[in-house]
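Observations on the model geometry
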Amino acid sequence: MATDPCRIAVLVSGGGTNLQALIDAQNRGDIPHGEIALVISNKEGAYALERAAKAGIPAVVITKAACGGDQESFEDALLAQLAACEIELVVLAGFMSILSKRFTDAYEKRILNVHPSLIPSFCGEGFYGLRVHRAALDKGVKVTGATVHFVNEIPDGGEIILQKAVEIEEGDTPEILQRRVMEQAEWIILPRAVEIVSEKIAQN
Ligand code: GAR
């Protein structure tokens, strides 16, 4: 028996290449059990918003500043928007805000995050974006990668769903390494993990 696809919201803060990977995967038919129904940015003018517009996906901006600078009010606004759009799965794709336990409990095992390292290396508070790659290069590791995991109240601490390793090469800069980790890992495992979890939710 056919089931309705799981309604997905993608939360972004920046360029949105991972959002694009999800849109492309959906267009290829690689996420048959999910449907990207909403994009939320916590930054005005994020390029990810243009990607959503081009793909015809409803998008809204919710900033902490517009919610009085208060995390609780910001999360209330996010939760209200997710509920209004009947969202069943939340995907953090370069979303640069740490969510409280109250928020993560509201979507237990229904929030995914992509992180640009092999967790438990180079993760947790303060490790985001290029900082992660800089830390990997400073440490001199020879292999890094990306991780998709469930989100709980511990930053980057939830159950791991998928990981993929990426080699570090001679002469890598944080920017070069970031791009390779995206191309060889993030853009591949994020859509896969979204389909895996969407299938489970859609069948419930
Ligand atoms: C990605 O590399 C993502 O893994 C990372 O930010 C980048 C966002 O790029 N996320 C974190 O560091 C979260 N801790 P994008 O906006 O082009 O998808």
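Our subject in this report is the structure included herewith. Everything quoted here is computed from the prediction, not taken from an experiment.

The next point concerns the site of the ligand. For the ligand, the set of nearby residues contains 14 residues, the closest of which are G16, T17, N18, G129 and E186. One of the side-chain nitrogen or oxygen atoms of N18 is found 2.9 Å away from an oxygen atom of the ligand. Contacts to the ligand include E186, whose side-chain N or O atom sits 2.7 Å from an oxygen atom. Within the complex, the protein chains bury 91% of what would otherwise be the 450 Å² of accessible surface of the ligand. Sorting the residues of the shell around the ligand by element identifies helix 1 (17-28), strand 5 (111-115) and helix 6 (174-202) as the ones contributing at least two each. For the shell around the ligand, the per-class residue count stands at six nonpolar, seven polar and one charged.

Between its terminal C-alpha atoms helix 1 stretches 16 Å, which fits the 16 Å expected from twelve residues at 1.5 Å a residue. In this structure, the buried residues of helix 1 make contact with strand 1 (6-12), strand 2 (34-41), helix 2 (47-55), strand 4 (89-92), strand 5 and helix 6. Two residues or fewer after helix 1 comes G29, characterised by a positive phi angle close to 85 degrees.

Time to look at the nonpolar core. Counting 34 residues, the largest nonpolar core has V10, L22, L89, V91, L112, L190 and V194 as the members making the most contacts within it. For this core, the element with the highest residue contribution is helix 6, accounting for nine residues. With sequence-adjacent residues up to four places away left out, L190 is seen in contact with N18, L22, V91, A93, V114 and V148. Ranked by size, the runner-up nonpolar core spans 21 residues in total, among them L38, I40, L79 and F95.

Bringing the side chain of T63 into the picture now. Along the chain, T63 falls in the loop between strand 3 (59-61) and helix 3 (71-84). Assessed through its relative accessible area of 12%, T63 is described here as buried. Here the side chain of T63 touches A66 through a polar contact of 3.0 Å, landing on its backbone nitrogen. With sequence-adjacent residues up to four places away left out, T63 is seen in contact with N42, E44 and F74.

Attention shifts here to the pattern of salt bridges. Opposite charge on two side chains allows them to pair when their charged atoms are near. Counting across every chain of the model gives seven salt bridges. Its salt-bridge partner being E159, residue K109 comes within 3.1 Å of it at the nearest N-O pair. Taken together, the positions of K109 in the loop between helix 4 (101-106) and strand 5 and E159 in the loop between strand 6 (143-150) and strand 7 (160-167) put the pair 50 residues apart, joining distant regions of the chain. Ionic pairing is found between E183 and R179, a salt bridge with its closest N-O pair at 3.0 Å.

This next bit is on the packing of helix 1 against helix 2. The contact between helix 1 and helix 2 brings their axes to 9 Å, and the two run at 15 degrees. Comparing the axis directions of helix 1 and helix 2 gives the class roughly parallel. As helix 1 packs across helix 2, the resulting crossing turns out to be right-handed. Contacts between helix 1 and helix 2 involve T17, L19, Q20 and I23 on the former and, on the latter, A48, R51, A52 and A55. Taken together, the residues of the contact of helix 1 with helix 2 break down into five nonpolar, two polar and one charged.

Counting buried positions over the seven residues of strand 1 gives six, a clear majority of the element. Taken together, the seven bridges between strand 1 and strand 2 define a ladder with parallel strand orientation. If you follow R7 over to strand 2, its bridge partner there is E35. Handedness of the crossover joining strand 1 and strand 2 through helix 1 is recorded here as right-handed. When strand 1 meets strand 4, the two strands line up parallel, connected through four bridges. What sits directly across from A9, in strand 4, is V90.

Procedures and definitions
Here, residues in each chain are numbered from 1, in the same order as that chain's written sequence. Only residues with pLDDT of at least 70 are given local features in this predicted model, and only at 80 or more are side-chain atom pairs given and counted; all residues enter the totals for whole chains, interfaces and linings. Excluded from the side-chain calculations are hydrogens and water; all other atoms, namely the structure's heavy atoms, are used. Any residue with a non-hydrogen atom lying within 4 Å of a molecule or strand is treated as near it. Polar contact is defined as a pair of N or O atoms within 3.5 Å, subject to the rule that within protein one atom must be able to donate a hydrogen and the other to accept it, and that residues adjacent in sequence are counted only when both atoms are side-chain atoms. Computed with a 1.4 Å probe, the accessible areas rest on the Shrake-Rupley method; for each residue, only the protein chains presented here act as cover. Segments assigned H or I by DSSP are reported as helices when at least four residues long, segments assigned E as strands when at least two residues long, and all are numbered from the N terminus. In this classification, Asp, Glu, Lys and Arg are treated as charged, Ala, Val, Leu, Ile, Met, Phe, Trp, Tyr, Cys and Pro as nonpolar, and every other residue, Gly included, as polar. Any helix carries an expected span of 1.5 Å times its number of residues minus one. Whether two residues are in contact is decided by their heavy atoms: any pair within 4.5 Å suffices. The definition of a nonpolar core used throughout is a set of buried Ala, Val, Leu, Ile, Met, Phe, Trp, Tyr and Cys residues joined through side-chain atoms within 4.5 Å. Type-normalised accessible area, obtained with a 1.4 Å probe on protein chains alone, sets the label of each residue: buried when under 20%, exposed when over 50%, and partly exposed for intermediate values. Criterion for a salt bridge: a side-chain nitrogen of Lys or Arg within 4 Å of a carboxyl oxygen of Asp or Glu. For helices, the axis comes from a line fit to the C-alpha atoms of the stretch in contact; other axes are also lines fit to C-alpha atoms, and the angle between any two N-to-C directions lies between 0 and 180 degrees. Comment on the angle field: the value is read as roughly parallel under 35 degrees, roughly antiparallel over 145, roughly perpendicular from 65 to 115, and oblique elsewhere. Handedness of a crossing is defined here by the sense of rotation of the near helix relative to the far one, left-handed for an anticlockwise turn of less than a right angle and right-handed for a clockwise turn. Strand pairing follows a simple DSSP-based rule, namely that at least 2 bridges must link the two strands. The definition of a right-handed crossover adopted here requires that, viewed with the strands pointing away, the path from the first strand over the helix to the second runs clockwise.

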